[in-house]
Amino acid sequence: MSRFDREWALVPDAARWTAALVCLAVTALTGSLFLLPGFLERDGKAIALASPLFLLTLVGVAFLGAYVLLVGYVWGDARRRGMNHVLWTLLAIFIPNAIGIILYFILRDPVAVPCPSC
């Protein structure tokens, strides 16, 4: 098992499903807006999928999904390290611009390992 697999296992299934559902919902909502008649037309041709605005929306959806997964990782990693996982998750969610997540990675405790002579 690689290190990525071990770290990915820390993300709860609820965070994975939430990220997937948020991404699908936002993509479906913005996709339906772009497919409205007359929303993005040039010379009678629909240009919805080639629109830079639509591509920017997809990039935003990817960042939103990554943010949800990072919050889930903070939950699982704080539990593994014996920290107050609820407090750190709330800080990661409510401190804007991902500063809460950055603070978690700076201030987190080391992983507790058993003493080899115990």
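Procedures and definitions
- Residues numbered from 1 in each chain as written.
- Predicted model: local features only at pLDDT ≥ 70, side-chain atom pairs only at ≥ 80, totals over all residues.
- Heavy atoms only, no water.
- Patch = residues over 30% accessible without salt bridge, like charges linked within 9 Å, V, L, I, M, F, W, Y side chains within 5 Å.
- Areas by Shrake-Rupley, 256 points an atom, 1.4 Å probe, with all protein chains shown as cover.
- Salt bridge = Lys/Arg side-chain N within 4 Å of Asp/Glu carboxyl O.
- Helix = DSSP H or I, 4+ residues; strand = E, 2+ residues; numbered from the N terminus.
- Buried < 20%, exposed > 50% of the residue type's maximum accessible area, 1.4 Å probe, protein only.
- Core = buried A, V, L, I, M, F, W, Y, C linked by side-chain atoms within 4.5 Å.
- Contact = heavy atoms within 4.5 Å.
- Phe/Tyr/Trp six-rings, centres within 6.5 Å; stacked < 30°, edge-to-face > 60°.

## Overview of a nonpolar patch on the surface
A contiguous nonpolar surface patch, about 470 Å² in accessible area, is contributed by Ile99, Ile102, Leu103, Ile106 and Leu107. By the element assignment, Ile106 lies in helix α5 (residues 99-107).

## Observations concerning the pattern of salt bridges
Any two side chains of opposite charge can pair, on the condition that their charged atoms come close. Taken as a whole and assessed by the stated rule, the structure comprises five salt bridges. Residues Arg80 and Asp77 are paired through a salt bridge, measuring 2.5 Å at the closest nitrogen-oxygen approach. A residue pair is termed a helical-turn pair when its members lie 3 or 4 positions apart in one helix, as Arg80 and Asp77 do in helix α3 (residues 52-80) at three residues. On the basis of relative accessibility, which here comes to 0%, the residue Asp77 falls in the buried class. Across the pair Asp77 and Arg81 runs a salt bridge whose closest N-O atoms are separated by 2.8 Å. Both residues of the pair, Asp77 and Arg81, belong to the buried class.

## A few points about the nonpolar core
Nonpolar side chains tend to gather and get buried jointly when the protein is soluble and globular. Ranked by size, the top nonpolar core spans eight residues in total: Val71, Val74, Ala78, Met83, Trp88, Ala92, Ile101 and Tyr104. Elements supplying a minimum of two residues to this core: α3, α4 (85-94) and α5. Look past the residues within four positions of Val71 in its chain and what remains in contact with it is Thr89, Ala92, Ile93 and Ile101.

## Notes on the packing of aromatic side chains
Following the criterion strictly, the structure yields four aromatic pairs and no others. Taking 6.2 Å as the distance between ring centres and 10° as the angle between the ring planes, the aromatic pair formed by Phe4 and Trp8 counts as stacked. In this pair, Phe4 and Trp8 are both assigned in helix α1 (residues 3-8), four residues apart and thus about one turn of the helix distant. Using a relative accessible area of 58% as the deciding quantity, one classes Phe4 as exposed. The interplanar angle of 20° and the centroid separation of 6.0 Å between the aromatic rings of Tyr73 and Phe105 together place this pair among those described as stacked. Note that Tyr73 is positioned in helix α3 and Phe105 in helix α5, a separation of 32 residues in sequence. Among the residues examined, Tyr73 registers a relative accessible area of 13% and is labelled buried. Pairwise contacts between aromatic rings join Tyr73, Trp88, Tyr104 and Phe105 into one cluster.

Any functional reading would require information that these geometric values do not contain.
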